[in-house]
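Observations on the three-dimensional arrangement
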Amino acid sequence: LSITLAMAAAFMWLASWASSGYLAVRDSIAGMDHILWSLVLFIIAVLISVMKAGRLLPFVAACTRRLLAHGGPTLPQAADSSGPGG
């Protein structure tokens, strides 16, 4: 569960960072929307090709095993609330 939460937090941070950067660059580069959509569609096409080749699931499984073997990313533990006032 902690790995899932850490990955979700990292994804949210990356998404907010990327969206603020995109909005800053969007006004200065003509055609930025088209470039971004082309990149998204290319990534989807690559994922479909890798999935059809049967290489995506073994790669994900290997990455998951590697993360779990090393303890994976962890979130700081909440403080114990048994102290004064808790």
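Read on for a plain summary of the structure. The shown structure was predicted, so the numbers you read here are calculated from the model rather than taken from an experiment.

Next up on the list: the overall build of the chain. When its secondary structure is counted, the chain shows three helices and zero strands. Order of helices (α) and strands (β) in the chain, N terminus to C terminus: α-α-α. A burial count over the chain gives 5% of its 86 residues as buried. Surface exposure of the chain reaches about 7400 Å², of which carbon and sulfur atoms provide 72%.

Following the criterion strictly, the structure yields one salt bridge and no others. Note that Asp33 is salt-bridged to Arg26, the shortest N-O span being 3.3 Å. On the basis of relative accessible area, Asp33 is assigned to the partly exposed category, the value being 30%. Note on Arg26: relative accessible area 40%, which makes it partly exposed.

Time to look at the packing of helix H1 (residues 2-26) against helix H2 (residues 32-52). At a minimum axis separation of 10 Å, H1 and H2 run at an interaxial angle of 140 degrees. By the angle class used here, H1 and H2 are oblique. Facing Tyr22, Val25 and Arg26 of H1, the residues of H2 in contact are Met32, Asp33 and Leu36. Class assignment for the residues of the contact of H1 with H2 results in four nonpolar, no polar and two charged.

Throughout the structure, instances matching the rule amount to one aromatic pair. A ring pair is formed by Trp13 and Trp17, whose centres lie 6.4 Å apart and whose planes are at 10 degrees; its orientation type is stacked. Linking Trp13 with Trp17, this pair stays in helix H1, spanning four residues, or about one helical turn. Side by side, Trp13 and Trp17 carry an identical accessibility label, which is exposed.

Along an α-helix, residues three or four positions apart point the same way, because every turn accommodates 3.6 residues. An ideal rise of 1.5 Å per residue puts 36 Å on 25 residues; H1 measures up with 35 Å between its terminal C-alpha atoms. Burial in H1 covers these residues: Ile3, Ala6 and Tyr22. Where H1 is buried, its residues touch H2 and helix H3 (56-69).

What follows is about a nonpolar patch on the surface. A contiguous nonpolar surface patch, about 1100 Å² in accessible area, is contributed by Leu36, Trp37, Leu39, Val40, Leu41, Phe42, Ile43, Ile44, Val46, Leu47, Ile48 and Met51. Relative to the assigned elements, Ile43 resides in helix H2. Using a relative accessible area of 45% as the deciding quantity, one classes Ile43 as partly exposed.

Rules of the game
Throughout this description, residue numbers start from 1 for each chain and increase along the sequence as written. Where local features are concerned, this predicted model is filtered to residues with pLDDT of at least 70; where side-chain atom pairs are given and counted, the filter is 80 or more; whole-chain, interface and lining totals use all residues. Calculation of side-chain values draws on the structure's entire complement of heavy atoms; hydrogens and water are dropped beforehand. Runs of H or I in DSSP of at least four residues are treated as helices and runs of E of at least two as strands, each being numbered from the N terminus. Partly exposed describes any residue whose relative accessible area lies between the buried limit of under 20% and the exposed limit of over 50%, with all areas from a 1.4 Å probe on protein chains only and scaled to the type maximum. Note on areas: Shrake-Rupley, 1.4 Å probe, and residue coverage restricted to the protein chains presented here. Throughout this description, the term salt bridge denotes a Lys or Arg side-chain nitrogen within 4 Å of a carboxyl oxygen of Asp or Glu. For helices, the fitted axis covers only the stretch in contact; all axes are lines through C-alpha atoms, and the angles between them, taken along N-to-C directions, range from 0 to 180 degrees. Should an angle lie under 35 degrees it is considered roughly parallel, over 145 roughly antiparallel, and from 65 to 115 roughly perpendicular; all remaining angles are considered oblique. Here, two residues are considered to be in contact whenever any of their heavy atoms come within 4.5 Å of each other. Note on residue classes: Ala, Val, Leu, Ile, Met, Phe, Trp, Tyr, Cys and Pro are nonpolar, Asp, Glu, Lys and Arg are charged, and everything else, Gly too, is polar. What counts as a ring pair is set by centres within 6.5 Å for rings of Phe, Tyr and Trp (its six-membered ring), and what kind of pair is set by the plane angle: stacked under 30 degrees, edge-to-face over 60, tilted for all other angles. An expected span of 1.5 Å times one less than the residue number is assigned to each helix. Surface patches are drawn from residues lacking salt bridges whose relative accessible area is over 30%; two like charges belong together within 9 Å, two nonpolar side chains (Val, Leu, Ile, Met, Phe, Trp, Tyr) within 5 Å.

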